[in-house]
Amino acid sequence: MRFKLFRLQILFCVAFFISCTDNLNFDNINLDLEPIVSLPIVYFELNQNNFLDENDQEISAVSDITVFRILETTILKENLVELKIDFEVENRFNRMFTVKIFFLDNNDNITHTVDEFTIEAGDLNYTATRTILIESTPEFLNSTRFRTDVILLPASTNLNPAIEKVFKFRSSGTYYLRF
Amino acid sequence: MKKYILFLILSLTTSLNAQQKLSFSFGEIPQNLLLNPGAETNFRSHYGIPVFSNFSFTAGFTGFTLADLFSNDSRDFNLKFEEVLNNIDSDDYININTVIEVLSAGFRIDDKTYVSFGFYEELDIITYLPKDISELVYYGNEPFINRPFSVSEIAMKADVLGVLHAGVSRKVDEKLTIGGRFKIYSSSLNIETNNNSGTITATSNNTNIIRQTLDNLDAEIRTSGIIDSNDVDDEFSNDVDDESSNDLFSNTLLGGNLGLGFDVGLTYHFSPQLEFTGSIIDIGFIKHSKNIRNFTAKGNYILDGINFEYNSDDPIDYWQQLENDFKANVPTEETENAYTSWRPMKINAALKYSFGEKRSKFCYTKTHKQYYYNSIGFQVHTIMRPLKPQFSFTSFYEKSLSKKIHTKFTHTINDYSSAIFGFATSLQVGKLNIFGVLDNILAVTDVASANNISLNFGFNIVID
């Protein structure tokens, strides 16, 4: 009885004390979470009448603005490292356009100006990409508004209100996060 | 004396994964009555040593091992994490269960009837691994344009509860013993989410460069015990009210949401050598009506971004419009509706054939029983989980080394592995019964590579 009990004791001690967990390391648990999230931003379609006033005189530029609260979320504010904005334009006008994009804060101060781009007349597949690095542009995180100015560049021929033209603009943002 | 102190020390040690079911139909330890209320008992009374009569801790997981993530090598942790994420699927899960038997006792009413009662606290958590959503969070959606991510993979259940129980085991005749146990559940905390549906998809070449679509979303999470409905918001107080955390275990004795349940079981001898035992455990429910917070979200939504209209005469608050549109299409709700949750029912069954040398044992001074020194058999164990039942199949060999020392050797096939070898023992040292279970013996020298390993001890005073 004593001998059998002793054997069992040894078995249990061995089970505990030689149980090998030396091959585990819990010190270097360093998970870098770096998701990349793509979301749509702004899209619109303009026609010739958007650039003509009630007297059919050309308007050189149109502008629209929206509140842009996505950067107010803690997740983005604290973890965004880069924002890549993609643009796609289909220009069926026989005129050139320049597009200017601004990010602004609550007081309408410009926090970031996106490098403008010019679309040739009749360019149906224009694409452009602009990158904002947060490290070099920290004030960008204060942006709460997004404004787009579409400028009709001068030309020898004016727009004809009876001739249908369309300018399609699409944009998306790719957010690079690091937690 | 040193031997008993050593066992005491060993009993204080928690294990990675203790499977009480290994001791099902094994020996005559009082804890068998919790696994099978119809277990045969041949002692006059028993008294569990509080807290130490049965202490177990379980942490099992499928789809990966500790070594997959935490191996001591020079590989980048992210690389290891990505490999695990790649290998798991939505049927994999993490299961944590701990049971502390606070009070346990029983006594014999007559030759045929044994009554037992007690109180134990249980923490039970099972969470399935939502591979889709995990990949979405880890990688983002940019690498997966046009791939739908399913919300239905999100399923989990967590319970902290106390169980007050009383049962009776009744010997009907020489062949049949039946039993039942009545339980009062007292839930201190419950969190559950299951049967969710919906997909999140980013697609290209639509109205905008990227379209984000939320399709057929129908998700709900039910909780009780997280928020104390009686707490009054004090806007002038900056103190965090942490009384609720203290109440977590104090509510486990008839203080939380209550429920009822029962266990049934039997032992049947086809012959003196062939025995069948079976039980159904935790047929019961808990009605959650206090400290409820449920959250639901339903609907469909397509996000193409903001559509500028360039109408300076009628400027639009686009962002507000977007928010209103989202809220109208995907309404979320926070309710305090009562709900019922079912306990995870367990089914045990074992068939055992005894042979070899016979021995006799006097039981509670009035009768004696004949036992065989050897037995072989198999047992099955099923537990009903949120997504699907979990099964395990165990074949075993039992050997009585003496009248007071019984051993059991097992081979188990379950979700974790098809080669789990275990060992159980029951010792009677005077009036002290000591039982121990060690499962997955082969993994003892390499716990890191195991999905499960169990070590479970208990002390009881058993009076014949």
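The structure displayed is predicted, hence computed values, not measured ones.

Here is what the cut-offs are and how they apply
- Residues numbered from 1 in each chain as written.
- Chains lettered and ligands numbered in written order.
- Predicted model: local features only at pLDDT ≥ 70, side-chain atom pairs only at ≥ 80, totals over all residues.
- Heavy atoms only, no water.
- Salt bridge = Lys/Arg side-chain N within 4 Å of Asp/Glu carboxyl O.
- Helix = DSSP H or I, 4+ residues; strand = E, 2+ residues; numbered from the N terminus.
- Buried < 20%, exposed > 50% of the residue type's maximum accessible area, 1.4 Å probe, protein only.
- Phe/Tyr/Trp six-rings, centres within 6.5 Å; stacked < 30°, edge-to-face > 60°.
- Lys NZ or Arg CZ within 6 Å of the ring centre and 35° of its normal.
- Pairing = 2+ DSSP bridges.
- Expected span 1.5 Å × (residues − 1).
- Arc of directions from axis to C-beta.
- Contact = heavy atoms within 4.5 Å.
- Patch = residues over 30% accessible without salt bridge, like charges linked within 9 Å, V, L, I, M, F, W, Y side chains within 5 Å.
- Areas by Shrake-Rupley, 256 points an atom, 1.4 Å probe, with all protein chains shown as cover.
- pLDDT = per-residue confidence, 0-100.
- Axes fitted to C-alpha atoms, helices over the stretch in contact; angles between N-to-C directions.
- Polar contact = N/O pair within 3.5 Å; in protein donor to acceptor, adjacent residues only side chain to side chain.
- Core = buried A, V, L, I, M, F, W, Y, C linked by side-chain atoms within 4.5 Å.

This part covers the pattern of salt bridges. Residues and elements named next belong to chain B. Tallying each qualifying case throughout the model produces 32 salt bridges over all chains. The salt bridge involving lysine 183 is made with aspartate 282; its shortest N-O contact spans 3.0 Å. Taken together, the residues lysine 183 in strand β7 (residues 176-193) and aspartate 282 in strand β11 (residues 274-288) connect sequence positions 99 residues apart. Aspartate 282 carries the same exposure label as lysine 183, and that label is buried. Close ionic contact of arginine 293 with glutamate 334 constitutes a salt bridge, the shortest N to O distance being 3.2 Å. Within this pair, whereas arginine 293 is found in strand β12 (residues 292-303), its partner glutamate 334 is found in strand β14 (residues 332-335), the two being separated by 41 residues in sequence. Accessibility expressed as a relative area gives 53% for glutamate 334, which makes it exposed.

Let's shift gears to the packing of aromatic side chains. Considering all chains together, one arrives at 33 aromatic pairs over all chains under this definition. Each ring, one from Phe51(A) and one from Phe93(A), has its centre 6.1 Å from the other, and the planes form 85°; the classification is edge-to-face. Here Phe93(A) lies in the loop between β3 (80-91) and β4 (97-104) and Phe51(A) lies in the loop between β1 (36-47) and β2 (61-67), a separation of 42 residues in the sequence. With respect to burial, Phe51(A) and Phe93(A) carry one shared label: buried. Among the aromatic side chains, those forming a connected cluster through ring pairs are Phe44(A), Phe87(A), Phe117(A), Tyr126(A), Phe169(A), Phe308(B), Tyr310(B) and Tyr318(B). If you follow Arg147(B) out to its NZ or CZ, it ends over the ring of Phe144(B), 4.8 Å from the centre.

Another point: the sheet that holds β3(A). Spatially, five strands are ordered β6(A)-β3(A)-β8(A)-β1(A)-β13(B) in an open sheet, and the strand pairing comes out mixed. Two strands close off the open sheet at either side, each with one partner strand: β6 (126-133) of chain A together with β13 (306-307) of chain B. Bridge count for β3(A) against β6(A) is eight bridges, and the pairing is antiparallel. Looking across to β6(A), one finds that Glu88(A) is bridged to Thr127(A).

Another point: helix α7 (residues 318-329) of chain B. Between its terminal C-alpha atoms α7(B) stretches 16 Å, which fits the 16 Å expected from 12 residues at 1.5 Å a residue. Within the span of α7(B), buried status applies to Tyr318(B), Trp319(B) and Leu322(B). Burial along α7(B) is one-sided: seen end-on, the buried residues are contained in an arc of 100°. Along α7(B), the residues that are exposed and aim more than 90 degrees away from the buried face are Lys327(B) and Ala328(B). Buried residues along α7(B) sit in contact with β2 of chain A together with β12 and β13 of chain B.

Here the focus is a nonpolar patch on the surface. Judged by side-chain polarity, Leu164(B), Leu253(B), Leu254(B) and Leu258(B) come together as a nonpolar surface patch covering roughly 330 Å² of accessible area. Relative to the assigned elements, Leu254(B) resides in the loop between α6 (243-250) and β10 (257-269).

Further remarks concern the confidence of the model for chain B. Residue and element names in this part refer to chain B. Looking at chain B, the pLDDT average stands at 85 and 85% of residues meet or exceed 70. Throughout residues 1-20 the model reports pLDDT below 50, and contacts reaching past four residues in sequence, or to other chains, amount to 59 contacts. Under the prediction, the complex receives an ipTM of 0.86, its pTM being 0.81.

All names here are of chain B. Side chains Tyr339 and Ser341 of strand β15 (residues 339-342) all project onto a buried face; the interleaved residues Thr340 and Trp342 project onto a face where none is buried. Relative to β15, β11 runs antiparallel, the two being bridged by four bridges. Residue pairing for β15: histidine 288 is matched across the bridge by tyrosine 339.

The subject of this paragraph is the sheet that holds strand β5 (residues 110-119) of chain A. All names here are of chain A. Read across the open sheet, the four strands follow the order β2-β7-β4-β5; overall the sheet is antiparallel. The strands lining the two open edges of the sheet, one partner per strand, are β2 and β5. Going from strand to strand, the sheet's axes swing by 15° on average, the running direction of each strand aside.

Turning to the side chain of Thr335(B), a few remarks are in order. Residue and element names in this part refer to chain B. Summarising the element assignment, threonine 335 is placed in strand β14. Residue class for threonine 335 comes out buried when judged on its relative accessible area of 14%. Once residues lying within four places of it in the same chain are set aside, the contact partners of threonine 335 are Ile292, Arg293 and Asn294.

To continue, consider the side chain of Glu40(B). All names here are of chain B. Relative to the assigned elements, glutamate 40 resides in the loop between α2 (32-35) and β1 (45-48). Classification of glutamate 40 by relative accessible area gives buried; the value is 18%. Separated by 2.8 Å, the side chains of glutamate 40 and histidine 269 make a polar contact.

Phe117(A), Phe167(A) and Phe169(A) are the most contacted members of the largest nonpolar core, which totals 54 residues. Those residues in contact with Phe169(A) that lie beyond four places of it in its chain are Val42(A), Tyr43(A), Phe44(A), Phe87(A), Glu88(A), Val89(A), Val99(A), Ile101(A) and Phe117(A).

Residue and element names in this part refer to chain B. Mapped onto the secondary structure, glutamate 135 falls in helix α5 (residues 131-139). Sequence spacing of glutamate 135 and glutamate 82 is 53 residues, and the spatial spacing of their C-alpha atoms is 9.1 Å. The contact partners of glutamate 135, leaving out residues within four places of it in the chain, are Leu85, Gly140, Phe144, Arg147 and Phe149.

Time to look at the pairing of strand β2 (residues 55-61) of chain B. Residues and elements named next belong to chain B. Judged by how many residues are buried, β2 sits mostly within the fold: five of seven residues are covered. Summarising the sheet, β2 and strand β3 (residues 93-108) pair through seven bridges and their orientation is antiparallel. Within β3, the residue paired with serine 56 across the bridge is valine 99.

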